[in-house]
Amino acid sequence: MSLLTTFERSGSLLFKYRGQIPVLLFVAVIPVAYLTDYSVFSSKTALFIKILSILVSSIGLLVRIITIGTAAPHTSGRNTGEQVAESLNTTGIYSVVRHPLYLGNYLMWAGITLYVMHLWFFIIVSLLYWLYYERIMFTEECFLEKKFGADFKTWAAKTPAFIPSFKKYVPARYPFSVKRVLSKEYSGLLYMVIAFIYVQTLQDIFIHGKFFISTLALLVLAKTLVIVFTLKVISKLFWQQYRD
């Protein structure tokens, strides 16, 4: 079996199970949070890191929202069974970077790992993310090249794979779809909030020696659940209206 075929098959396998990666991250945080000496951080430094972490993850979620909201129909989804693309996205955020969804995912992960306040954990997770998703991106591009041929090659030649470049930005071909975002991205917001509360709770346990969830964390979680539930209801109403 050629190396090219091996890369493509392994990428397809990793693509199917990419949704389970956050679970591994949740498990890995436990020993890292336990071993981290939080006493070396001043209150101002810790607050700055936490605000920066939330900002980075929020930017990642925003990147995903923009990508999904302006992508062509039947592309850029959460499918795991197989690659799906009825057309080639080359405008909007796809004129800036070839894999905006994975860039958004990384920023969301990066913010959460920064919140742990352990430099090596952040570096290791970043490297593992790249190794994992590089195969997936390789497989996706093989699929797109086979399906769209010269159009894909032309677009790929001028658009970076992962680090955005705004020099040749082209306005999005499709208008922003609120319905698509409502139907697909409410889970991303909930995951992000739960992840931050989870890490903060672990830190409080290892610092104070007892299980504790702050009133603020519970309030944020409650508000997020209300927002997510509302978005889910609105999404279903929009979808029913669209079908009717």
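A short tour of the structure in this document, coming up. Bear in mind that the values here come from a model prediction, so they are computed numbers and not experimental data.

Note on helix geometry: an α-helix contains 3.6 residues per turn, so any two residues three or four positions apart are oriented the same way. The end-to-end C-alpha distance of helix 4 (residues 100-115) is 23 Å, a good match for the 22 Å that 16 residues give at a rise of 1.5 Å each. Counted residue by residue, helix 4 has 15 buried out of 16 residues, so it is predominantly covered.

Where helix 4 contacts helix 8 (residues 186-208), the axes come no closer than 10 Å and their chain directions differ by 15 degrees. In terms of their interaxial angle, helix 4 and helix 8 are classed as roughly parallel. Between helix 4 and helix 8 the crossing geometry is right-handed. Residues M108, W109, G111, I112 and Y115 of helix 4 form the contact with helix 8, whose participating residues are G188, Y191, M192, A195, F196, V199, Q200 and Q203. Its residues placed into classes, the contact of helix 4 with helix 8 shows nine nonpolar, four polar and no charged.

Take unusual backbone geometry next. Residue M117 is not a glycine yet carries a positive backbone phi of 65 degrees. In this fold, M117 is placed in the loop between helix 4 and helix 5 (119-148). With a relative accessible area of 9%, M117 lands in the buried category.

At a minimum axis separation of 10 Å, helix 4 and helix 5 run at an interaxial angle of 165 degrees. On the basis of their axis angle, the class for helix 4 and helix 5 is roughly antiparallel. The crossing of helix 4 and helix 5 is right-handed. Counting all contacts with helix 4, which are made through Y102, N105, Y106, W109, A110, T113 and L114, the residues of helix 5 involved are F121, F122, V125, S126, Y129, Y133, I136, M137 and E140.

The final tally for this structure, using the stated rule, is two salt bridges. Of the charged contacts in the structure, one is a salt bridge between E141 and R98, with a shortest N-O distance of 2.7 Å. Of this pair, E141 sits in helix 5 while R98 sits in the loop between helix 3 (43-70) and helix 4; the two residues are 43 residues apart in sequence, bridging distant segments of the chain. Overall, the relative accessible area of 17% leaves E141 in the buried class. The exposure class of R98 is buried, given its relative accessible area of 14%. Between E145 and K153 there is a salt bridge whose closest N-O contact spans 3.7 Å.

Our next topic: the environment of F229. In this fold, F229 is placed in helix 9 (residues 215-243). For the pair F229 and Y186, spaced 43 residues apart in the sequence, the C-alpha separation amounts to 8.5 Å.

With that settled, the discussion passes to the packing of aromatic side chains. Enumeration according to the criterion identifies 13 aromatic pairs in this entry. Here W109 and Y129 contribute two aromatic rings whose centre-to-centre distance is 5.0 Å and whose plane-to-plane angle is 75 degrees, an arrangement assigned as edge-to-face. Here W109, found in helix 4, pairs with Y129, found in helix 5; they are 20 residues apart in sequence, far enough to count as distant. In this structure Y129 comes out as buried when scored by relative accessible area, which is 2%. Taken together, Y102, Y106, W109, Y129, W130, Y132, Y133 and F162 form an aromatic cluster joined through their ring pairs.

Parameters at a glance
Residues numbered from 1 in each chain as written. Predicted model: local features only at pLDDT ≥ 70, side-chain atom pairs only at ≥ 80, totals over all residues. Heavy atoms only, no water. Helix = DSSP H or I, 4+ residues; strand = E, 2+ residues; numbered from the N terminus. Expected span 1.5 Å × (residues − 1). Buried < 20%, exposed > 50% of the residue type's maximum accessible area, 1.4 Å probe, protein only. Axes fitted to C-alpha atoms, helices over the stretch in contact; angles between N-to-C directions. Parallel < 35°, antiparallel > 145°, perpendicular 65-115°, else oblique. Left-handed = near helix turned anticlockwise from the far one by under 90°. Contact = heavy atoms within 4.5 Å. Nonpolar A, V, L, I, M, F, W, Y, C, P; charged D, E, K, R; others polar. Salt bridge = Lys/Arg side-chain N within 4 Å of Asp/Glu carboxyl O. Phe/Tyr/Trp six-rings, centres within 6.5 Å; stacked < 30°, edge-to-face > 60°.

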